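# Observations on the model geometry
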Amino acid sequence: MSRILIRNGRLLDPVSRADQVGDVLVEEGRIARLGSSLEAAGAEVIEAEGCWVAPGLVDMHVHLREPGYEYKEDIASGGRAAVAGGFSAVACMANTRPANDDPSVTKFIIDQARQNSPARIYPIAAATVGLGGEVMTEMAALYEAGAVAFSDDGATVENAGLMRRVLEYSKMVNAPVVVHAEDAGLRGGGVVNEGAVSTRLGLPGNPCAAEEVRVARDLSLARLTGARLHVAHVSTAAAVELIGRARDEGVQVTAEVTPHHLTLDDSATQGYDTNTKVSPPLRSKADIEACRRGLASGVIDVIATDHAPHASYEKDTEFVSAPPGLIGLETAFPVVMDLVRSGELEPLDLLRCLSTNAARILGRRGGQLGEGLPADLVVLDPEHIWKYVPAEGYSKSRNSPWAGKELVGRAVATLVAGEVVYRLDRGVID
Ligand code: DOR
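So, here's what we can say about the structure. (Residues numbered from 1 in each chain as written. Predicted model: local features only at pLDDT ≥ 70, side-chain atom pairs only at ≥ 80, totals over all residues. Heavy atoms only, no water.)

### With respect to the overall build of the protein
Along its length, the protein carries 14 helices and 19 strands. Relative to its length of 430 residues, the protein is compact, with a C-alpha radius of gyration of 20 Å against a globular reference of 22 Å. Taken along its principal axes, the extent of the C-alpha atoms in the protein is 65 × 45 × 40 Å. Across the 430 residues that make up the protein, the buried fraction comes to 61%. Relative to all contacts within the protein whose residues are 6 or more apart in sequence, the contacts with residues 24 or more apart total 75%. As displayed, the protein has an accessible area near 15,800 Å², and 47% of this comes from carbon and sulfur atoms. (Helix = DSSP H or I, 4+ residues; strand = E, 2+ residues; numbered from the N terminus. Rg over C-alpha atoms; globule rule 2.2 N^0.38 Å. Buried < 20%, exposed > 50% of the residue type's maximum accessible area, 1.4 Å probe, protein only. Contact = heavy atoms within 4.5 Å. Areas by Shrake-Rupley, 256 points an atom, 1.4 Å probe, with all protein chains shown as cover.)

Below you can see the structure in the form of structure tokens.
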């Protein structure tokens, strides 16, 4: 087992809120010591001056596409993209082919991850068979097989009675139900935010109300059942408002927002770039502001990427027919650093949203920097300036609105279970 010394970094622990310059000694897969001027003969040294040393980032919403769509991504490539972005663990969605609606698929994902992924992978199982919204999955069996949550993400559960049952069954295993909160009828064929931009572009609009009514319904059902509801990729001011109010009333609800919904508004779609087509769509500046305030106030718990790889030939088509989604694992940290640079979030709060809260919601360890804990760590350089070129990254796909852009901030080393799995100067280490 490796012995690693991370030296002279800014040690940030979102749990204790400790924030001081020091060293981290990793031995036998664990954080052996936190301190200053630590010595360790024979250790691999990572010089972290000017860098943040934090718990490995945890992304609770990614699409790894395996099984079935390996031409877009697979568990190996997605796991590599994760550690290159500073994530030591990711939770993968069930909209694969076959869907993760059966324990055999859950076990397959866990097996593949063990063999091929440098990042920890937590499978999220489907709530309904084939994500069809008609028949519940065997949720207890999926949980037994290793699923950490339930979600039909990418699809929506239109039947409120069925959703109620899903929430009730989730309580038996105390796992959250992650909802893609969008009313399919209201969304219709909408592909961009409904408003001035959709009119100008001549594209069908998806109104904010599609999210608002579905969040309202699911909050009512969470209140009725007492189950744990997690709202995925919140994109509207109305949803933030509803979630905040329900939480104040004691509803067990958590929520996430993506880096793109925090930084890009619907004007980004004006060039018809299909890499800006996402579900839910990019919204207005006012919605972005509300999401950012929701994060700062704690109404939104988590930043999750919704990393959604699609092949170039699939994206290279008319806006209406392109599949929604963008890749985000390798750009999340620099993109959301915008909130620290603007003074809206302290570094500790950003890291809480990028690690601690997701680990807590999924019931996994992680998100904490403390002696004796498993050494899932990241060294982040908040000042590193670089140009993002998807082809130079680890994802199999290229669909990013940040392609070719200059970004500030980057992971320089990622550790999983005490092993260095990524270094900026060496790449992913197998
Ligand atoms: O943009 C998205 N893409 N949103 C989703 O909910 C699904 C995802 C995908 O699977 O491509």
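On we go from here.
### Examining the packing of aromatic side chains
Within the structure shown, the criterion is met by 5 aromatic pairs. With centroids separated by 5.8 Å and ring planes inclined at 75 degrees, the aromatic side chains of Trp52 and Phe333 adopt a geometry described as edge-to-face. Pair noted here: Trp52 is in strand β5 (residues 52–55) and Phe333 is in helix α12 (residues 332–336), with a separation of 281 residues, a long-range link. Here Trp52 and Phe333 have matching classes, each one buried. Between Tyr71 and Tyr313, the ring centres sit 6.2 Å apart and the planes meet at 25 degrees, which makes this aromatic pair stacked. Taken as a pair, Tyr71 in the loop between β6 (57–62) and α1 (75–84) and Tyr313 in helix α11 (residues 312–315) lie far apart in primary sequence, 242 residues in all. Judged by its relative accessible area of 59%, Tyr313 falls in the exposed class. Taken together through their ring pairs, the aromatic side chains of Tyr69, Tyr71 and Tyr313 make up a single cluster. (Phe/Tyr/Trp six-rings, centres within 6.5 Å; stacked < 30°, edge-to-face > 60°.)

### Quick word on the packing of helix α7 (residues 208–225) against helix α8 (residues 237–248)
Where α7 contacts α8, the two axes come as close as 9 Å, and the packing angle between them is 15 degrees. Judged on the interaxial angle alone, α8 and α7 are roughly parallel. For the crossing formed where α7 meets α8, the hand is right-handed. Here Glu211, Glu212, Val215, Ala216, Leu219 and Arg223 of α7 lie close against α8, whose contacting residues are Ala238, Ala239, Leu242, Ile243 and Ala246. (Axes fitted to C-alpha atoms, helices over the stretch in contact; angles between N-to-C directions. Parallel < 35°, antiparallel > 145°, perpendicular 65-115°, else oblique. Left-handed = near helix turned anticlockwise from the far one by under 90°.)

### Quick word on the sheet that holds strand β7 (residues 87–92)
Sheet strands line up and pair through hydrogen bonds in the backbone, either parallel or antiparallel. Strand order in this open sheet of 8 strands is β6-β7-β8-β9-β10-β13-β14-β15, and the pairing throughout is parallel. The sheet is open, and its two edges are formed by β6 and β15 (302–303), each paired on a single side. Looking at chain direction, strand β8 (residues 120–125) and strand β9 (residues 149–151) are connected through 2 bridges and run parallel. Its bridge partner being in β9, Ile124 is matched across the sheet by Ala149. In the packing of α7 onto the sheet, the strands contacted are β10 (177–179), β13 (229–231) and β14 (253–257), and the crossing angle to β13 comes to about 165 degrees. (Pairing = 2+ DSSP bridges.)

### Considerations on empty space enclosed by the protein
Following the criterion strictly, the structure yields 4 cavities of 30 Å³ or more and no others. Here the largest cavity defines a volume of roughly 80 Å³. If you trace the largest cavity, you find 15 residues lining it, with Val157, Met163, Val178, Val179 and His180 closest to the centre. Contributions of two or more residues to the lining of the largest cavity are made by α4 (160–173), β10 and α7. (1 Å grid on protein atoms, 1.4 Å probe; cavity = no way out; pocket = protein on both sides within 12 Å on 5 of 7 lines; lining within 4 Å. Points joined across faces, edges and corners; volume = space filled by probe spheres on them.)

### A look at the state of the cysteines
Applying the stated criterion across every chain yields a total of 0 disulfides. Of all cysteine sulfurs in the structure, the one in Cys291 sits closest to Cys353, which takes part in no disulfide; the separation is 12 Å. (Disulfide = S-S within 2.5 Å.)

### Thoughts on the pattern of salt bridges
Taken as a whole, this structure holds 26 salt bridges when the rule is applied. Here Arg7 makes a salt bridge to Glu47, at a shortest N to O gap of 2.8 Å. Of this pair, Arg7 sits in strand β1 (residues 3–13) while Glu47 sits in strand β4 (residues 44–47), placing them 40 residues apart in sequence. For the salt bridge of Arg214 with Glu158, the shortest nitrogen-to-oxygen distance reads 3.0 Å. Highlighted residues: Arg214 in helix α7 and Glu158 in the loop between β9 and α4, separated in sequence by 56 residues. Here Arg214 falls in the buried class, since its relative accessible area comes to 3%. (Salt bridge = Lys/Arg side-chain N within 4 Å of Asp/Glu carboxyl O.)

### Section: the site of the ligand
Surrounding the ligand, one finds 14 residues, the nearest of these being Arg65, Asn95, His180, Ser279 and His310. One of the side-chain N or O atoms of Arg65 is found 2.8 Å from an oxygen atom in the ligand. His310 places a polar side-chain atom, nitrogen or oxygen, 2.9 Å from an oxygen atom of the ligand. Considered on its own, the ligand offers 290 Å² of accessible surface; in the complex 94% of this is hidden by protein. In this structure, the ligand is accommodated by the largest pocket. Tallied by class, residues from the shell around the ligand come to 3 nonpolar, 8 polar and 3 charged. (Near = heavy atom within 4 Å. Polar contact = N/O pair within 3.5 Å; in protein donor to acceptor, adjacent residues only side chain to side chain. Sits in = over half its atoms within 2 Å of the grid points. Nonpolar A, V, L, I, M, F, W, Y, C, P; charged D, E, K, R; others polar.)

### Describing the nonpolar core
One finds Trp52, Leu219, Val231, Val234, Ile243, Leu295 and Leu350 to be the most contacted residues of the largest nonpolar core, which totals 78 residues. In contact with Trp52, not counting residues within four places along its chain, are Arg10, Leu12, Phe333, Met337, Val340, Pro347, Leu350, Leu351, Val378, Val379, Leu380 and Pro382. If you look at the next biggest cluster of nonpolar residues, it comprises 18 residues, including Ile4, Val26, Ile46 and Val53. (Core = buried A, V, L, I, M, F, W, Y, C linked by side-chain atoms within 4.5 Å.)

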